[in-house]
Amino acid sequence: MELRRFAAVGDFLDAAGAFLVGREAEHNLMFGVSATLRETPEAYSGPPYLAVVVDGDDDGARVVAAAIQTPPFRLILSEVDDPAAVRLIAADVRHRGLPGVLGPVEPARAFVEAWTELGGPAATHQMSERSYRLTKVRPPRPVAGRVRVATDDDRPLVRDWVEAFMREAFGDADLDEVGAVTDRWLARRGRTMYLWDDDGPVSMTGVGGPTPNGIRIGPVYTPPAARGRGYASALVAAVSQAELDAGRRFCFLFTDLANPTSNHIYQAIGYEPVRDIDAYGFEPA
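Residues numbered from 1 in each chain as written. Predicted model: local features only at pLDDT ≥ 70, side-chain atom pairs only at ≥ 80, totals over all residues. Heavy atoms only, no water.

(A) Molecular detail of the pattern of salt bridges. In this structure the tally under the stated criterion is 17 salt bridges. Its salt-bridge partner being Arg87, residue Glu117 comes within 2.8 Å of it at the nearest N-O pair. Separated by 30 residues along the polypeptide, Glu117 in helix H4 (residues 105–117) and Arg87 in helix H3 (residues 84–92) bring together distant segments of the chain. On the accessibility criterion, Glu117 (59% relative accessible area) is exposed. Three or more residues joined by partner-sharing salt bridges are found here, namely Arg159, Asp160, Glu163 and Arg167. (Salt bridge = Lys/Arg side-chain N within 4 Å of Asp/Glu carboxyl O. Helix = DSSP H or I, 4+ residues; strand = E, 2+ residues; numbered from the N terminus. Buried < 20%, exposed > 50% of the residue type's maximum accessible area, 1.4 Å probe, protein only.)

Here is the structure:
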């Protein structure tokens, strides 16, 4: 078994692509990050870590795991076909100064165990998420308003909602990062932000992170005063249907398992659970 690193995302996908697309829904985040590396590499603060673990010799080698880390974010783990691969990855990134790891429940747990055994900083479980896949939209109940693309004129509102989403989802928000994220969404390079408008914007969602046959929906945010009226359901259903109509076979999204409301509303419009994912944070070395 051998770990192979890559400097370029194209080379990484050449090596890992068939392995990743075999479970495309499970690997939608990894595909999405790869797309961002191609479209807007300035979104990250340093060179990425791109690696696969292969089993066998050159002629018959098969990929059994993959990993990506784009500073300053957590390491992302793929599905893992041989548990021994996780320790190879943990050993290879031991001195990279990782802020954490995110991946399917079992590989993420195995990584944390290997990380700890190798002397890595203490790990804390921070979030449990679930990935969903949609192939057919189940229309929600009608609500007033319509969907539209967010424009530069919407920047103050989008910025405020991006910040509010980050604070709700992650407990904090770096204001410089909020501005940069907002600018990337509004630049529409590989991603688009949409608003539901009912005599003014009442909900927002993004569409980006394409995979070979699909695309990811999110973030989704509705300000507290407008919640409970069906706006988010209508918006997510509308943009998901538009992506299917444009030729995508799937749409994907992530939810926080601690939020039963979002898990319910997405399933109600046709999103089906795919995989549970755990996120861990590491103490500074």
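On we go.
(B) Here's a closer look at the sheet that holds strand S11 (residues 250–256). Across the sheet, 12 strands lie side by side as S1-S2-S3-S4-S5-S12-S6-S11-S10-S9-S8-S7; this open sheet has mixed pairing. Every other strand in the sheet has two partners, leaving strand S1 (2–6) and strand S7 (146–149) as the edge strands with one partner each. Strand-to-strand twist across the sheet, computed as the mean angle between neighbouring axes with direction ignored, equals 25 degrees. Direction of pairing for strand S8 (residues 191–197) relative to strand S9 (residues 201–208): antiparallel, over a ladder of 7 bridges. The residue of S9 that forms the bridge with Trp196 is Ser203. Contacts from H4 reach strand S4 (75–77), strand S5 (100–104), strand S6 (123–134) and strand S12 (272–282) within the one sheet, and its direction differs from that of S12 by about 15 degrees. The strands touched by helix H6 (residues 175–187) are S8, S9 and strand S10 (214–221); relative to S8, the strand with the most contacts, the crossing angle is about 90 degrees. (Pairing = 2+ DSSP bridges. Axes fitted to C-alpha atoms, helices over the stretch in contact; angles between N-to-C directions. Contact = heavy atoms within 4.5 Å.)

(C) Representation of the packing of aromatic side chains. Under the criterion given, the structure shown has 9 aromatic pairs. Centre to centre, the rings of Phe111 and Phe282 are 6.4 Å apart; their planes meet at 15 degrees, and the pair counts as stacked. Separated by 171 residues along the polypeptide, Phe111 in helix H4 and Phe282 in strand S12 bring together distant segments of the chain. Here Phe111 falls in the buried class, since its relative accessible area comes to 0%. Where Phe250 meets Phe252, the ring centres are 5.8 Å apart and the plane angle is 40 degrees; that geometry is what we call tilted. Both residues of the pair, Phe250 and Phe252, count as buried. Here the aromatic cluster, defined as three or more aromatic residues joined through ring pairs, consists of Phe111, Trp115 and Phe282. Seen from the ring of Trp185, Arg191 lies directly overhead, with NZ or CZ sitting 5.0 Å from the centre. (Phe/Tyr/Trp six-rings, centres within 6.5 Å; stacked < 30°, edge-to-face > 60°. Lys NZ or Arg CZ within 6 Å of the ring centre and 35° of its normal.)

(D) Layout of the side chain of Ser240. Structurally, the position occupied by Ser240 is in helix H7 (residues 231–245). Exposure remark for Ser240: the relative accessible area of 0% places this residue in the buried category. In terms of polar contacts, Ser240 uses its side chain to reach the side chain of Tyr271, at 2.7 Å. Residues within four places of Ser240 in sequence aside, it is in contact with Leu134, Val137, Ile217, Cys251 and Tyr271. (Polar contact = N/O pair within 3.5 Å; in protein donor to acceptor, adjacent residues only side chain to side chain.)

(E) How the structure looks around the pairing of S9. With 7 of 8 residues buried, S9 lies mostly within the body of the structure. Joining the antiparallel neighbours S8 and S9 is a turn of 3 residues, in which Asp199 adopts a positive phi near 55 degrees. Pairing of S9 with S10, which is carried by 4 bridges, proceeds in the antiparallel orientation. Looking at the pairing, Val207 lines up with Ile217 of S10. As consecutive antiparallel partners, S9 and S10 are separated by 5 residues, and within that stretch Gly209 has a phi angle of approximately 65 degrees, a positive value.

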